[in-house]
Amino acid sequence: MAKLSKDTFTLTIIELLQERGIHVEETRVKKTNDSHNGITLKNIENGTVIPIIDTDKIYASYLNDSISLAKAVDEIEKIFKENPVIENEDYIKKLNDFEYVKNHLVIEVYGADKNQDVLENCIHAKFEDLAIIPKIHLGSINADGQLTCTVPTGMLDEYGVSNDEFLVLAIKSSQELRPAKIINFDDIILSGYVDTLIMSGQVIENKQQKIQELKDDGFLLPPKTFDYIVSNEGISHGAASIFYPGVLAELYKNIGESFYLIPSSIHEMLIIPCSRSTGASLKEIVYEINRNRDVLSDAEILTDSVYVYDGHALRQLLDN
């Protein structure tokens, strides 16, 4: 069956939602690392925080048969019904309440160059070619997404803190709300192997215990490309976790030497010892991945750079 065009797809969704009593309209969203078409509720005053559905992403899923038109309408309806609008007055009240703000901050990291227009108006800090942006966490919009907003630069005077002090508070809060997760690549392989055993009918009461037994017994693992994956518990905007105190030091202690950090996306960093690769070859890999839309969307790309940590400092690996 022929697929609907993007415009027809979006208009059909809007009409079907309106038939269900949910009045929406098209919008164009410009946000950190992203610009996309979306739909949102009608007749909402400017400044109010509301869910905005990324119709570009949903249409891509529709084209590859990951979701039907009917299912898309059902899921969008559910999001709007289960996530009430945060009225402008409520949002402003939270923004002005420093005690609330400092306990509901998360940090996210993006490429600085392609987000210059966003950075001009929000609190942030730069590290090499990256921008670390504190955001207020306002809740979840569905099982996979979270509602966050940047903090205007003018609020620093209102809060009575410097940009650096605000960043420290944001990192502290982010550690609580989005704890770092360091995943051993061997554990991923062993986990997959144990899953295969379970599917074959073998009774395994404790998966983690079985993985540890395999390690203790010297289970022969295939050669690995990377040693660790660094993200957070939700695997969402987890690349920022490398800026949490102690994360890089823990990795250095486990690896025992300098290591490269490969930004596979805004969601995670891959870790490999310097003795097992070269920065030049890794930069080529990152460059190719960032241009493969079957792997990453534009919104998920962090940077083409590779970084190195020597046990003392993190730095961007520059071309010689």
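Please refer to the structure higher up on the page.
Caption draft 1: Up close: the overall build of the chain. Scanning the chain from N- to C-terminus turns up 12 helices and 13 strands. Looking at the 320 residues of the chain, the share that counts as buried comes to 46%. Partitioning the contacts of the chain with sequence separation of at least 6, the portion at a separation of at least 24 is 63%.

Caption draft 2: Layout of helix α12 (residues 279–290). For α12, built from 12 residues, the straight-helix expectation of 16 Å at 1.5 Å per residue is met to within 8% by its first-to-last C-alpha distance of 16 Å. Burial in α12 covers these residues: Gly279, Leu282, Lys283, Val286 and Asn290. Within α12, the buried residues cover an arc of 100° as seen down the axis, which keeps them to one side. In this structure, α12 carries Ala280, Glu284 and Glu288 as exposed residues pointing more than 90 degrees from its buried face. Buried residues belonging to α12 abut β10 (259–265) and β11 (268–273).

Caption draft 3: Focus on helix α11 (residues 247–255). Within the span of α11, buried status applies to Val247, Leu248, Leu251 and Ile255. The arc enclosing the buried residues of α11, seen along the axis, measures out at 95°, which places them on a common side. Looking at the buried positions of α11, the neighbouring elements they touch are β8 (180–184), β9 (228–232), β10, β11, β12 (307–309) and β13 (314–316). At the exit of α11 stands Gly256, carrying a positive phi of roughly 85°.

Caption draft 4: Layout of unusual backbone geometry. For Glu128, which is not glycine, the phi dihedral falls at a positive 50°. Among the structural elements, Glu128 can be located in the loop between β5 (125–127) and β6 (130–140). The backbone phi angle of His237 is positive, close to 55°, even though this residue is not glycine. With respect to the element layout, His237 can be found in the loop between β9 and α11.

Caption draft 5: Highlighting the packing of aromatic side chains. With the rule as written, the count across this model stands at eight aromatic pairs. A centroid spacing of 5.8 Å and a plane angle of 35° characterise the contact between Tyr59 and Tyr62, whose relative ring orientation is tilted. Residue Tyr59 and its partner Tyr62 are located together in helix α2 (residues 55–63), separated by three residues, close to a single helical turn. This pair shows no difference in class: Tyr59 is buried, exactly as Tyr62 is. A network of ring pairs unites the aromatic residues Phe9, Tyr59 and Tyr62 as a single cluster. Directly above the ring of Tyr287 sits Arg291, whose terminal nitrogen or CZ lies 3.6 Å from the centroid.

Caption draft 6: Seen up close, the nonpolar core. Within the largest apolar cluster, 51 residues are counted, with the highest numbers of intra-cluster contacts made by Ile136, Val151, Tyr159, Phe166 and Leu261. At six residues, β6 tops the list of elements feeding residues into this core. For Ile136, the contacting residues outside a window of four places in its chain are Leu95, Tyr100, Val101, His104, Leu105, Leu147, Thr148, Cys149 and Val151.

Here is what the cut-offs are and how they apply
- Residues numbered from 1 in each chain as written.
- Predicted model: local features only at pLDDT ≥ 70, side-chain atom pairs only at ≥ 80, totals over all residues.
- Heavy atoms only, no water.
- Helix = DSSP H or I, 4+ residues; strand = E, 2+ residues; numbered from the N terminus.
- Buried < 20%, exposed > 50% of the residue type's maximum accessible area, 1.4 Å probe, protein only.
- Contact = heavy atoms within 4.5 Å.
- Expected span 1.5 Å × (residues − 1).
- Arc of directions from axis to C-beta.
- Phe/Tyr/Trp six-rings, centres within 6.5 Å; stacked < 30°, edge-to-face > 60°.
- Lys NZ or Arg CZ within 6 Å of the ring centre and 35° of its normal.
- Core = buried A, V, L, I, M, F, W, Y, C linked by side-chain atoms within 4.5 Å.

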